[in-house]
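So you can see what is in the structure, the chains are spelled out below.
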Amino acid sequence: MSWEKNVRKVEPYVAGEQPKDRDVIKLNTNECPYPPAPGVKKLAETLDCDRLRLYPDMNAEKLVNALADYYHVAPEQVFVGVGSDDVLALAFMTFFNGEKPVLFPDITYSFYDVWAQLFRIPYEQCPLDENFRIKKQDYLKPNGGIVIPNPNAPTGVLEDRDLFEEILAANPESVVIVDEAYVDFGGKSMIPFIHKYDNLMVVQTFSKSRAMAGIRIGFAIANERLIGYLKDVKFSFNSYTLNMPSIEMGTEAVRDDAYFKEIVGRIIKTREWTKKEMGRLGFEFQDSQSNFLFVTHRKVKAEEIFLALKENHIYVRHWKKPRIDNYLRITIGTDEQMQRLIEFLEKYLKEKSDD
Ligand SMILES: *Cc1c(COP(=O)(O)O)cnc(C)c1O
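Residues numbered from 1 in each chain as written. Predicted model: local features only at pLDDT ≥ 70, side-chain atom pairs only at ≥ 80, totals over all residues. Heavy atoms only, no water.

Draft legend 1. Focus on the sheet that holds strand S10 (residues 292-297). One open sheet holds the 3 strands; their spatial order is S9-S10-S12, and the pairing between them is antiparallel. If you trace the sheet from one side to the other, it starts and ends with strand S9 (283-285) and strand S12 (328-331), each paired once. Between one strand axis and the next, the sheet turns through 45° on average, direction left out of account. Note: S9 against S10, 3 bridges, orientation antiparallel. Along S10, the bridge assignment pairs Phe285 with Val295. Sheet strands in contact with helix H10 (residues 335-354) are S9, S10 and S12, and its direction is about 145° off that of S12. (Pairing = 2+ DSSP bridges. Helix = DSSP H or I, 4+ residues; strand = E, 2+ residues; numbered from the N terminus. Axes fitted to C-alpha atoms, helices over the stretch in contact; angles between N-to-C directions. Contact = heavy atoms within 4.5 Å.)

Draft legend 2. Here's a closer look at the nonpolar core. Judged by nonpolar contacts, the single largest core of 91 residues is most densely connected at Leu63, Leu67, Val80, Leu200, Phe206, Ile330 and Leu345. Considering every element that reaches this core, the biggest residue donor is H10, with 7 residues. Counting residues domain by domain, this core receives three or more from each of domain 1 (2-35 + 258-354) and domain 2 (38-256). Leaving out residues up to four positions away in the same chain, Leu67 has contacts with Val78, Val80, Phe206, Phe219 and Val254. Phe79, Val87, Tyr109 and Phe111 belong to the second largest nonpolar core, which has 28 residues in total. (Core = buried A, V, L, I, M, F, W, Y, C linked by side-chain atoms within 4.5 Å. Buried < 20%, exposed > 50% of the residue type's maximum accessible area, 1.4 Å probe, protein only. Domains from an automatic or database assignment.)

Draft legend 3. Quick look at the side chain of Glu165. As for its position among the elements, Glu165 is in helix H5 (residues 161-170). We classify Glu165 as buried; its relative accessible area is 16%.

Draft legend 4. Inspection of the pattern of salt bridges at higher detail. The full count for this structure, using the stated rule, is 21 salt bridges. In this structure, the salt-bridge partner of Glu262 is Arg266, at a minimum N-O distance of 2.6 Å. Here Arg266 and Glu262 lie together in helix H8 (residues 257-280), a separation of 4 residues that amounts to about one turn. A relative accessible area of 41% means that Glu262 is categorised as partly exposed. Note on Arg266: relative accessible area 36%, which makes it partly exposed. With its nearest N and O atoms 2.7 Å apart, the salt bridge here joins Lys275 to Asp287. With Lys275 in helix H8 and Asp287 in the loop between S9 and S10, the pair connects residues that are 12 residues apart, well separated along the chain. (Salt bridge = Lys/Arg side-chain N within 4 Å of Asp/Glu carboxyl O.)

This is the structure in structure tokens:
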């Protein structure tokens, strides 16, 4: 059709499947297997629905203040959005506005190249080494910005904060985004370094460690000047993004630190058990500090295992992409879910080797 030549064409991000069948063991999108903090449920039951006739607080002050308190920063250094996808997309639009390429790893969160294409941002993907580690020198060349998850996804590999310090110090003319979607599962946050580097933006989410993927809350912490620019773009695009119930429930989730630490601790314990079992079954993987393992099997092809698991109602993630097509990303679920996964794999792999 002739109007099509003026259409902004993009190849969209492909998210992991959300099966309708509730009986599947769902280990494919890194959600938390435990419910949100008990206070969140209580709040949902007593929510004053009359207030829904009003617009929500467009500054989400309550939630911003709770996050500022929790992370020991000023409210002016906090930005909240509808999931970290919203925060990251706005950050790409705001900060990656130059001619030079934005840099990120070749194996990483597969939304980065989608946003770069959507916003017409030049970019370059820097290959990880054979152990899926960041090669520092790749980020010491001229660039229009940098974005790296730590731990990285879907590899689960955690880099030391020194690496980011070196990258930040070498790039005072670029905004450096550290995507900490999984940092609560064993990493150390770069948040304290926002006071030292005015070009650092740390992004986190409620979707994984805070068990609230369905509510859509993400946030950025950075120098207040940087946050100011992000707000200018946000308020030029859509002011009322976070709804009132999300603001209330998100605030409650931040307040219950004991529950947060408990479920994160449980997931870490289950992860370490799963690592041992997977090793025993002949899987290889880099040491994950996230809520998932990125594994390859010594003998059996990843895609074959993926399909066998799916047929047996266990969903994991597999990408038909260069360098990672023989890997599976497996989210850490409850102890019981992981036991069922291991039992299935043990039987399946044994039958395979008997053939
Ligand atoms: C899950 C994830 C996000 C996005 O999470 P939201 O649900 O949009 O908050 C961002 N970055 C990485 C690396 C992720 O894995």
